[in-house]
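Tertiary structure, described
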Amino acid sequence: MSQPTQVETAMGLLITAFHKYSGKEGDKYTLSKGELKDLLNNELGSVFGKTTDQKAVDKIFKDLDANADGSVDFQEYVTLVACLTTLCNDFFKDHKK
């Protein structure tokens with residue numbers, strides 16, 4: 001069997017990171033506010049900085065919780081990662097000029 005491509009590896013890492021934090025406080029397929037805060041701090045700390053401002057966490061959570069069910073599911077999480085990836089790409093694209 002061949003080695004996974006970079007994109008396949010990245011997909012696996014995104015899935016693994018989500019499930020590392022989901023389910024510690026309830027549904028194992030969603031992130032609670034506390035789980036999201038832990039994920040942001042531990043996995044995206046260099047992007048967000050350490051998230052100590054609860055109002056900021058509440059706003060991020062509310063914005064991500066598209067269906068307003070009180071949790072962040074995998075699709076909502078991937079939306080966050082896609083938006084951040086787009087912003088990073090734009091940043092590096094602008095700075096290469």
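Heads up: the structure comes first, above all this text.
Conventions used here
- Residues numbered from 1 in each chain as written.
- Predicted model: local features only at pLDDT ≥ 70, side-chain atom pairs only at ≥ 80, totals over all residues.
- Heavy atoms only, no water.
- Salt bridge = Lys/Arg side-chain N within 4 Å of Asp/Glu carboxyl O.
- Helix = DSSP H or I, 4+ residues; strand = E, 2+ residues; numbered from the N terminus.
- Buried < 20%, exposed > 50% of the residue type's maximum accessible area, 1.4 Å probe, protein only.
- Lys, Arg positive; Asp, Glu negative; His and termini not counted.
- Polar contact = N/O pair within 3.5 Å; in protein donor to acceptor, adjacent residues only side chain to side chain.
- Contact = heavy atoms within 4.5 Å.
- Axes fitted to C-alpha atoms, helices over the stretch in contact; angles between N-to-C directions.
- Parallel < 35°, antiparallel > 145°, perpendicular 65-115°, else oblique.
- Nonpolar A, V, L, I, M, F, W, Y, C, P; charged D, E, K, R; others polar.
- Phe/Tyr/Trp six-rings, centres within 6.5 Å; stacked < 30°, edge-to-face > 60°.

1. Topic: the pattern of salt bridges
- Tallying each qualifying case throughout the model produces three salt bridges.
- The residue D58 makes a salt bridge to K33 at a minimum N-O spacing of 3.4 Å. Separated by 25 residues along the polypeptide, D58 in helix 4 (residues 54-64) and K33 in helix 2 (residues 33-43) bring together distant segments of the chain.
- Assessed through its relative accessible area of 29%, D58 is described here as partly exposed.
- With a relative accessible area of 35%, K33 lands in the partly exposed category.
- For D63, the salt bridge is made with K59, and the minimal N-O distance between the two is 2.8 Å. Taken together, the residues span about one helical turn, with D63 and K59 both in helix 4 at a distance of four residues. The pair formed by D63 and K59 is uniform in burial state, with each residue classed as exposed.

2. Overview of the side chain of E35
- Summarising the element assignment, E35 is placed in helix 2.
- For the buried E35, no salt bridge is present, and the opposite-charge side chain at shortest range is K24, 7.3 Å distant.
- Polar side-chain contacts of E35 include one of 2.6 Å to the backbone nitrogen of E25.
- A polar contact is formed between the side chain of E35 and the backbone nitrogen of S32, at a distance of 2.7 Å.
- Other than its neighbours up to four places away in sequence, E35 contacts Y21, S22, G23, K24, E25 and T30.

3. A word on the packing of helix 2 against helix 4
- Where helix 2 contacts helix 4, the two axes come as close as 10 Å, and the packing angle between them is 105 degrees. Compared by their axis directions, helix 2 and helix 4 come out roughly perpendicular. Between helix 2 and helix 4, the residues in contact are K33, L36, K37 and L40 and Q54, V57, D58, I60, F61 and L64, respectively.
- A class-by-class count of the residues in the contact of helix 2 with helix 4 yields six nonpolar, one polar and three charged.

4. Some words on the packing of aromatic side chains
- Counted under the stated rule, the structure contains three aromatic pairs.
- Their ring planes at 45 degrees and their centres at 5.1 Å tell us that F18 and Y77 sit as a pair that is tilted. Taken as a pair, F18 in helix 1 (residues 6-21) and Y77 in helix 5 (residues 74-95) lie far apart in primary sequence, 59 residues in all. An identical accessibility class is assigned to F18 and Y77; each is buried.
- Consider the rings of F74 and Y77, whose centres lie 5.6 Å apart with planes at 50 degrees: the pair is tilted. With F74 and Y77 both in helix 5, this residue pair falls three residues apart, about one helical turn.
- Given a relative accessible area of 30%, F74 falls into the partly exposed group.
- Accessibility expressed as a relative area gives 3% for Y77, which makes it buried.
- An aromatic cluster is present here, built from F18, F74 and Y77 joined pairwise through their rings.

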